[in-house]
Amino acid sequence: MKFPTTRMRRLRKNFQIRRILQETRLNPEDLIYPLYIKEELDEGQKEHIDTMPGQYRYSLSEAVDEAKRLEKLGLSSVILFGIPIKKDETGSSAYEEDGIIQKAIHRLKEETQLVVITDVCLCQYTTHGHCGIVEGGEIVNDETLNYLSRIALSHAEAGADIVAPSDMMDGRVETIRKALDKNGFQDTLIMSYAAKYASSFYAPFRDAVCSAPSFGDRKTHQMSPANINEAIREVELDIMEGADMILIKPALPYLDVIKDVKNKFKLPTAAYQVSGEYSMLMAGIQAGYLTDESIHESLISIKRAGADLVISHFAPKILEEGTEFKC
Ligand code: PBG
Ligand code: ZN
């Protein structure tokens, strides 16, 4: 049946019709908020991140207060990033018992009901800013695995619900799973940044957490933006190694990857709307070229592609204003 019997515009006749026919929805529990916690800041302090308008580096107490405020607005989960005072060659402040993230996990688990997810990587904690151990100017894979599993274990010991390795070393999911299981943390989930691209959209984040590499780049471990077959293999391997959940990153430029991964593997799949995606939209809005509707459109599009969860700096704004899409 076609025109004139069929009229697609009947489906869009008015807001009420459009709303009941809306295929994709964003729910408050789909959102994960990234919290940046800076060890050096005193209680009560927060610092504006100039490359990410409206986002802050928080002291521990401020981070906990912000998390509590967002929980009241309906937030279900946070992902934590630390900015330590001390950096060294092996990122040792990433796995200290009283490291900034370990302290934050304790407090958040004591004072909120939030699901606490932690980013597991070395780059914020190493003097060279690389995601792994560096030997002779190279990031050495197998040596790095021991450090990553120590970090993940220290997060689990502090009470993290989900550890999320973002380093893109080969074999890290299996190494982390084994370390967790051996120490009685069979119930700690692993969300692997399975397909993480070597993206220019991370630039504001690296400024926010001071993790830019002092030499070279991340192209020997993060993926080329040109590849998708390789992303499927990355995801498949992480699942074989024991990943409970999959993360695709960035989100909006990689909707095809989100869709293929969700359709093929059917695992809980999260997408990371990264710092550059946030700052790009904010810049457009601040310049008056875009409106807040672009934020809602980007998030609903990420869900439509197949993401179950979205890590987004827009989480507070969306929770304050309501998750409903103005269709
Ligand atoms: C660290 C890490 C990065 C992001 C999350 N974890 C940056 C990178 O790989 O350099 C990016 C987050 C963002 O841009 O919002 N491995
Ligand atoms: Zn890293």
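Placed above this text is the structure.
The structure displayed is predicted, hence computed values, not measured ones.

Before going further, it helps to spend a moment on the coordination of the zinc ion (ligand 2). Summarising the metal site, the zinc ion (ligand 2) is bound by the protein donors C121 (SG), C123 (SG) and C131 (SG), whose distances to it range over 2.3 to 2.4 Å. All donors of the zinc ion (ligand 2) come from a single chain, and their spacing in sequence reads C-x1-C-x7-C. Residues C123 and C131 agree in their burial class; the two are buried.

Here we take up a positive patch on the surface. Together, R7, R9, R10 and R12 line one region of the surface with positive charge. Along the chain, R12 turns up in the segment before α1 (15-20).

As a structural note, the neighbourhood of ligand 1 is formed by 16 residues, with K196, R206, Q222, K249 and S275 the closest of them. The separation between an oxygen atom of ligand 1 and a polar side-chain atom of K196 is 2.8 Å. One of the side-chain nitrogen or oxygen atoms of R206 is found 2.6 Å away from an oxygen atom of ligand 1. Protein coverage of the free-state accessible area of ligand 1, which is 400 Å², stands at 100%. Of the residues belonging to the shell around ligand 1, the class tally is eight nonpolar, three polar and five charged.

The rules behind each value
- Residues numbered from 1 in each chain as written.
- Chains lettered and ligands numbered in written order.
- Predicted model: local features only at pLDDT ≥ 70, side-chain atom pairs only at ≥ 80, totals over all residues.
- Heavy atoms only, no water.
- Donors = N, O, S within 2.8 Å, 3.2 Å for Na, K, Ca; no water.
- Buried < 20%, exposed > 50% of the residue type's maximum accessible area, 1.4 Å probe, protein only.
- Patch = residues over 30% accessible without salt bridge, like charges linked within 9 Å, V, L, I, M, F, W, Y side chains within 5 Å.
- Areas by Shrake-Rupley, 256 points an atom, 1.4 Å probe, with all protein chains shown as cover.
- Salt bridge = Lys/Arg side-chain N within 4 Å of Asp/Glu carboxyl O.
- Lys, Arg positive; Asp, Glu negative; His and termini not counted.
- Charge placed at Lys NZ, Arg CZ, Asp CG, Glu CD.
- Helix = DSSP H or I, 4+ residues; strand = E, 2+ residues; numbered from the N terminus.
- Near = heavy atom within 4 Å.
- Polar contact = N/O pair within 3.5 Å; in protein donor to acceptor, adjacent residues only side chain to side chain.
- Nonpolar A, V, L, I, M, F, W, Y, C, P; charged D, E, K, R; others polar.

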